[in-house]
Amino acid sequence: MEGIDHNFLLFKDFDPVFDYYSPVIIGNNDFINGNKDVTKALVNAIKKGYEDAAKNPDEAAEILLKAAPELDKELVKKSQAYLSTQYIADAKSWGEIDPARWNAFYKWLNDNKLVENELPENAGLSTEFLS
């Protein structure tokens, strides 16, 4: 917006292992196991929000600006115009996860000893609550 020359670099352009998922939604296992209906409702409400924002970026920006009027309107609108193309960029629907992509990042973390306890394949990976 400021007309400043810059280079935008995606980590995944340097190494596909850095094509990790964001955002990642994490829940407490005890809560999830004891409240499956609530968990499913929450996950699907989040999914609907992302899908609506992807289809209607200007409306999504207006909703955010109404909740946080201190934000820069032009920045929010331009940001949402870009982000709306990324929410479901490489999947058939929001929330779809490729286990190979997920596990490649875990393998990199394990191989480089960046986690205290080794992460097993598919740890934390679930789309069980998506409708």
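All values derive from a computational prediction rather than experimental measurement.

Rules used throughout
Residues numbered from 1 in each chain as written. Predicted model: local features only at pLDDT ≥ 70, side-chain atom pairs only at ≥ 80, totals over all residues. Heavy atoms only, no water. Helix = DSSP H or I, 4+ residues; strand = E, 2+ residues; numbered from the N terminus. Buried < 20%, exposed > 50% of the residue type's maximum accessible area, 1.4 Å probe, protein only. Contact = heavy atoms within 4.5 Å. pLDDT = per-residue confidence, 0-100. Phe/Tyr/Trp six-rings, centres within 6.5 Å; stacked < 30°, edge-to-face > 60°. Arc of directions from axis to C-beta. Axes fitted to C-alpha atoms, helices over the stretch in contact; angles between N-to-C directions. Parallel < 35°, antiparallel > 145°, perpendicular 65-115°, else oblique. Left-handed = near helix turned anticlockwise from the far one by under 90°. Nonpolar A, V, L, I, M, F, W, Y, C, P; charged D, E, K, R; others polar.

Draft legend 1. Geometry of the side chain of asparagine 103. Within the fold, asparagine 103 resides in helix H5 (residues 99–111). Its relative accessible area of 11% is what places asparagine 103 among the buried residues. Those residues in contact with asparagine 103, other than ones at most four positions away along the chain, are Glu121 and Asn122.

Draft legend 2. Quick look at the confidence of the model for the chain. In the predicted model, the chain carries a mean pLDDT of 93, and the fraction of residues at 70 or more is 100%. Taken element by element, the predicted model of the chain shows its lowest mean pLDDT in H5 (94) and its highest in helix H3 (residues 57–67) (98).

Draft legend 3. Summary view of the packing of aromatic side chains. Applying the stated criterion across every chain, the model contains 6 aromatic pairs. Judged by centre distance (4.8 Å) and plane angle (75 degrees), the ring pair of phenylalanine 18 and tryptophan 108 falls under edge-to-face. With a gap of 90 residues between them, phenylalanine 18 in the segment before helix H1 (29–34) and tryptophan 108 in helix H5 connect regions that are remote in the sequence. Using a relative accessible area of 28% as the deciding quantity, one classes tryptophan 108 as partly exposed. Considering the side-chain rings of tyrosine 50 and tyrosine 87, the 4.9 Å spacing of their centres and the 80 degrees angle between planes classify their relative orientation as edge-to-face. Pair noted here: tyrosine 50 is in helix H2 (residues 36–55) and tyrosine 87 is in the loop between helix H4 (73–83) and H5, with a separation of 37 residues, a long-range link. On the basis of relative accessibility, which here comes to 23%, the residue tyrosine 87 falls in the partly exposed class. Three or more aromatic residues joined by ring pairs make a cluster, and in this case those are Phe11, Phe18, Phe105 and Trp108.

Draft legend 4. Seen up close, unusual backbone geometry. Even without a glycine there, the phi angle at lysine 113 is positive, about 50 degrees. Note that lysine 113 resides in the segment after H5. Judged by its relative accessible area of 71%, lysine 113 falls in the exposed class. Phi is positive for asparagine 122, close to 65 degrees, though the residue is something other than glycine. Assignment of secondary structure puts asparagine 122 in the segment after H5.

Draft legend 5. View of H3. Taken as a whole, H3 has its buried residues at Ala60, Ala61 and Leu65. Projected down its long axis, H3 shows its buried positions confined to an angular sector of 135 degrees, all on one face. Residues of H3 that are exposed and angled more than 90 degrees away from the buried face: Ile63, Lys66 and Ala67. Contact partners of the buried residues in H3: H2 and H4.

Draft legend 6. Looking closely at the packing of H3 against H4. Put simply, H3 and H4 touch, their axes get as near as 9 Å, and they point 140 degrees apart. By the criterion of interaxial angle, the relationship of H3 to H4 is oblique. Handedness of the H3/H4 crossing: right-handed. Where H3 abuts H4, its residues Pro57, Asp58, Ala60, Ala61, Glu62, Leu64 and Leu65 lie against Lys73, Val76, Lys77, Gln80 and Ala81. When the residues that make up the contact of H3 with H4 are grouped by side-chain class, the tally is 7 nonpolar, 1 polar and 4 charged.

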